[in-house]
Amino acid sequence: MSRVILHVGMHKTGSSSIQASLHAARETLAARRIIYAPLGKNHSVPIFNAFTDGDAYHRWHRRHGIAEEGETDGVVRGARMLLREHFRSNPGKDFIISGEGIPGLSEQSTKRLLRFLGLYFARVEVVFFVRPPASFIHSQAQQQIKAGWTLERLTTARFRIPYRQFEKYFELLPRTPSARGSSPARPWWRAARSRPSAAWPPCPGCRCGVRMRGCRAPAPTCCWSPMRSCRPPCPT
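Small disclaimer: the values here were computed from a predicted structure and weren't measured.

About the thresholds
Residues numbered from 1 in each chain as written. Predicted model: local features only at pLDDT ≥ 70, side-chain atom pairs only at ≥ 80, totals over all residues. Heavy atoms only, no water. Buried < 20%, exposed > 50% of the residue type's maximum accessible area, 1.4 Å probe, protein only. Helix = DSSP H or I, 4+ residues; strand = E, 2+ residues; numbered from the N terminus. Pairing = 2+ DSSP bridges. Core = buried A, V, L, I, M, F, W, Y, C linked by side-chain atoms within 4.5 Å. Contact = heavy atoms within 4.5 Å. Salt bridge = Lys/Arg side-chain N within 4 Å of Asp/Glu carboxyl O. Expected span 1.5 Å × (residues − 1).

## Digging into the pairing of strand β4 (residues 123-130)
Taking burial as the measure, the eight residues of β4 include seven buried ones, the bulk of the element. Sheet analysis places strand β1 (residues 3-7) next to β4, joined by five bridges and oriented parallel. For isoleucine 5, the partnering residue across the bridge sits in β4 and is glutamate 125.

Below you can see the structure in the form of structure tokens.
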């Protein structure tokens, strides 16, 4: 049963290192019938090209020098055609797609991506790593300093931690009609020492498996951020 593993970040959790390792090990993986998608090391741009739409679709392409609507449509068709060719030429093999920019897709575009993958694979799995807020901001600040930010700009900046970008995977994966083999999204906690631990234990109060902010229940019995898929809500 073929499957595709969609690794979607998050940012600042070693995604570049994961991608470089998988890209360098392409031949070894292929010998085990696992294909690291031949779309470069980081698949964020090709996947975004193939599935984004609406205002974000046009803004993103204009930033990359593709200004006309007809041109952007051609880019999207070409990117999807490339994916189809890769999938069809490797029947029965597992694929890995990795891009920390993929969660930037809207919910509708993400649904389109999952349905597309479900046409070619019996099982779709989404894996992502998350990082504690303080550690994430510390790493983000270091990156901006390297990019030339002044201390004044750094101390007045508002750093956004994109946890909510991952909510849609909990909501969409079990309900994507063409991907009936899809498994729930699997979050992994990235510790300050950059080593992911085991997957978070399921939350008995809801289906999201993450700890709610401000929740006074013990860590294994609640969730961390309110998810739309929480039914019923976690205890507070």
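## Quick notes on the nonpolar core
Counting 34 residues, the largest nonpolar core has Leu6, Ile97, Ile102 and Leu117 as its most contacted members. Residue assignment for this core shows that the elements contributing at least two residues are β1, α3 (44-51), α5 (69-88), β3 (94-98), α6 (107-118), β4 and α9 (167-172). In contact with leucine 117, not counting residues within four places along its chain, are Val4, Leu6, Phe87, Ile97 and Val124.

## A closer look at the pattern of salt bridges
For the structure on display, the rule yields four salt bridges. Across the salt bridge formed by arginine 3 and aspartate 94, the nearest N and O atoms sit 3.8 Å from each other. With arginine 3 in strand β1 and aspartate 94 in strand β3, the pair connects residues that are 91 residues apart, well separated along the chain. A salt bridge links glutamate 125 to arginine 3, with the shortest nitrogen-to-oxygen separation between them at 3.2 Å. One end of the pair, glutamate 125, is in strand β4; the other, arginine 3, is in strand β1, with 122 residues separating them in the sequence. Glutamate 125 gets classed as buried once you look at its relative accessible area, which sits at 6%. When salt bridges with common partners are traced through the structure, they connect Arg3, Asp94, Arg123 and Glu125 into a single cluster.

## Details of α3
With seven of its eight residues buried, α3 lies for the most part within the structure. Taken together, the buried positions of α3 are occupied by Ser44, Pro46, Ile47, Phe48, Asn49, Ala50 and Phe51.

## What to know about α6
Taking 1.5 Å of rise per residue, twelve residues should cover 16 Å, and α6 covers 16 Å from first to last C-alpha, within 8% of that figure. Taken as a whole, α6 has its buried residues at Ser109, Thr110, Leu113, Leu114, Phe116, Leu117 and Gly118.

## Notes on the environment of alanine 157
For alanine 157, the position within the fold is in the loop between α8 (151-156) and α9. Once the C-alpha coordinates of alanine 157 and alanine 141 are considered, the two residues, 16 residues apart in sequence, prove to be 9.4 Å apart.

Any functional reading would require information beyond the geometric quantities listed.
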